[in-house]
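Chain by chain, the residues run as shown.
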Amino acid sequence: MIDLQPAIDYVQRQGSPQERAQLRHILHGEPPPRDVVEQFERSQRGDGGWAPFWAPDYGSLDATCYQLAQLKQLGVDMRSSMVIDAVRFLAERQAYDGSWAEEPSVADAAPLWARPGDLAANLYVTANCAYWTAMTGLVPSAAHDAATWLSFHLDENGGLPSFPHTHWLAAAVWSHENMDDETSKGLAYLRAGVPELSAGNLAWMVLALRQGGIPSADETVASAVERLVELRDPAGPWPSDEGADNAAHVTVEAIMALKLCGRLS
């Protein structure tokens, strides 16, 4: 067990109202405050998606997946109309082969990880959309088709020609879809990379794998948790790749990851 009180105190001091509400839900199961939920409702587009920072008038697959993650951490019902509309938006944008990609019209504005026409980005966006269609359980066929498409790009060492986060999202989807061979290869690949990951990525990886059904006793999850604990700042928070302004967000996700692994004192 780890004493998380310094981390909790940090979020309560430095976190946004949303981050403090997420912390209360993670620790005590409190429902999200109405004003926080309303912020999500107001920013959701008519098509069900959310706009990213890089294209304020466009409904983005990646941005919508990010908002679904925030809603889950707040304890919003995954059968609420807001979530249903968001997952419908994802499902309607899925290609016939099971993959997802952002629209070609935003190629010049999109960041590297979301750039349409780039295989690494398409793999990541597909893994992310597949993850949320799987986790909500609203469109089972979409998750299954995407899991199969992702498996076509898996090499013998468990690698995908994409970013690190693609791998843990894909492994979670394969686990959810009971694709044992792909899951095993993906976990082995991830395990080898644990020492190189930042706190934010480790927390995200643990959350994805646990919610995808990987047990906390799994060697990959356990090694990621141990490394995550090592990276905590003695003052309480976990450091963020984006700087101090994002440390409360990473700390909330780290606390949730540890809770899912039974490591809260």
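Criteria and thresholds
Residues numbered from 1 in each chain as written. Predicted model: local features only at pLDDT ≥ 70, side-chain atom pairs only at ≥ 80, totals over all residues. Heavy atoms only, no water. Helix = DSSP H or I, 4+ residues; strand = E, 2+ residues; numbered from the N terminus. Contact = heavy atoms within 4.5 Å. Areas by Shrake-Rupley, 256 points an atom, 1.4 Å probe, with all protein chains shown as cover. Lys, Arg positive; Asp, Glu negative; His and termini not counted. Charge placed at Lys NZ, Arg CZ, Asp CG, Glu CD. Core = buried A, V, L, I, M, F, W, Y, C linked by side-chain atoms within 4.5 Å. Buried < 20%, exposed > 50% of the residue type's maximum accessible area, 1.4 Å probe, protein only. Phe/Tyr/Trp six-rings, centres within 6.5 Å; stacked < 30°, edge-to-face > 60°. Lys NZ or Arg CZ within 6 Å of the ring centre and 35° of its normal. Salt bridge = Lys/Arg side-chain N within 4 Å of Asp/Glu carboxyl O. Polar contact = N/O pair within 3.5 Å; in protein donor to acceptor, adjacent residues only side chain to side chain. Arc of directions from axis to C-beta. Axes fitted to C-alpha atoms, helices over the stretch in contact; angles between N-to-C directions. Parallel < 35°, antiparallel > 145°, perpendicular 65-115°, else oblique. Left-handed = near helix turned anticlockwise from the far one by under 90°. Nonpolar A, V, L, I, M, F, W, Y, C, P; charged D, E, K, R; others polar.

1. Looking at the overall build of the chain
If you tally the helices and strands in the chain, you get 12 helices and zero strands. Viewed in the frame of its principal axes, the chain has a C-alpha envelope of about 50 × 45 × 30 Å. Taking the intrachain contacts of the chain between residues at least 6 apart in sequence as the baseline, contacts between residues at least 24 apart amount to 68%. Counting only carbon and sulfur atoms, one obtains 50% of the accessible surface of the chain, whose full area is about 11,500 Å². Positive and negative charge centroids in the chain, built from 18 and 35 side chains respectively, lie 6 Å apart.

2. Points about the nonpolar core
The biggest cluster of nonpolar side chains holds 82 residues, and the ones touching the most others in it are L71, L90, W100, L209, L228 and W238. Ranked by residue count, the leading element in this core is helix α6 (residues 119-136), at 11 residues. Contact partners of L71, with chain neighbours within four places excluded, come to F40, W50, V76, M78, M82 and V83. Counting residues in hydrophobic clusters, the runner-up holds six residues, among them W54, A55, Y58 and V106.

3. Points about the packing of aromatic side chains
Enumeration according to the criterion identifies three aromatic pairs in this entry. When the centroid spacing of 5.9 Å and the interplanar angle of 40° are considered together, the rings of W54 and Y58 count as tilted. Neither residue differs from the other here; W54 and Y58 are each classed as buried. Aromatic pair Y131 and W132: ring centres 5.0 Å apart, planes at 90°, arrangement edge-to-face. The residues Y131 and W132 share a single accessibility class, namely buried. For R232, the ring lying beneath its charged end belongs to W238, and the centroid distance is 5.8 Å.

4. Things to note about the pattern of salt bridges
Following the criterion strictly, the structure yields 12 salt bridges and no others. The salt bridge partner of R34 is E38, with a shortest N-O separation of 3.5 Å. You can see R34 and its partner E38 sitting in helix α3 (residues 34-43), four residues apart, about one turn around the helix. Residue R34 is classed as partly exposed on the basis of its relative accessible area of 47%.

5. Focus: unusual backbone geometry
Phi at N178 is positive, roughly 60°, even though this residue is not glycine. Its location among the elements puts N178 in the loop between α8 (164-176) and α9 (180-193).

6. Regarding the environment of Q67
With respect to the element layout, Q67 can be found in helix α4 (residues 61-74). Judged by relative accessible area, Q67 falls into the buried class, the value being 17%. In contact with Q67, not counting residues within four places along its chain, are F40 and W50.

7. Considerations on the side chain of R232
Within the secondary structure, R232 sits in the loop between α11 (219-230) and α12 (247-260). Here R232 is buried and forms no salt bridge, its nearest opposite-charge partner D3 lying at an N-O distance of 6.2 Å. Reaching out from R232, the side chain makes a polar contact with the backbone oxygen of D3 at a distance of 2.9 Å. Setting aside chain neighbours within four positions, we find R232 in contact with I2, D3, L4, P6, A7, P237 and W238.

8. Details of helix α1 (residues 5-14)
Those residues of α1 that sit buried are A7, I8, Y10 and V11. Projected down its long axis, α1 shows its buried positions confined to an angular sector of 155°, all on one face. The secondary structure elements touched by the buried residues of α1 are α2 (17-28) and α12.

9. Remarks on the environment of T148
Relative to the assigned elements, T148 resides in helix α7 (residues 140-151). The spatial distance from the C-alpha of T148 to the C-alpha of M179 is 9.0 Å, given a sequence separation of 31 residues.

10. Comments concerning the packing of α6 against α8
In the contact formed by α6 and α8, the axes pass within 8 Å of each other and the chain directions differ by 40°. With respect to α8, the element α6 is oriented oblique. The chirality of how α6 crosses α8 is left-handed. For the pair α6 and α8, contact is made by A120, L123, Y124, A127, N128, A130, Y131, A134 and M135 and by H165, T166, L169, A170, A172, V173 and H176, respectively. Each residue belonging to the contact of α6 with α8 can be placed in one class, and the counts come to 12 nonpolar, four polar and no charged.

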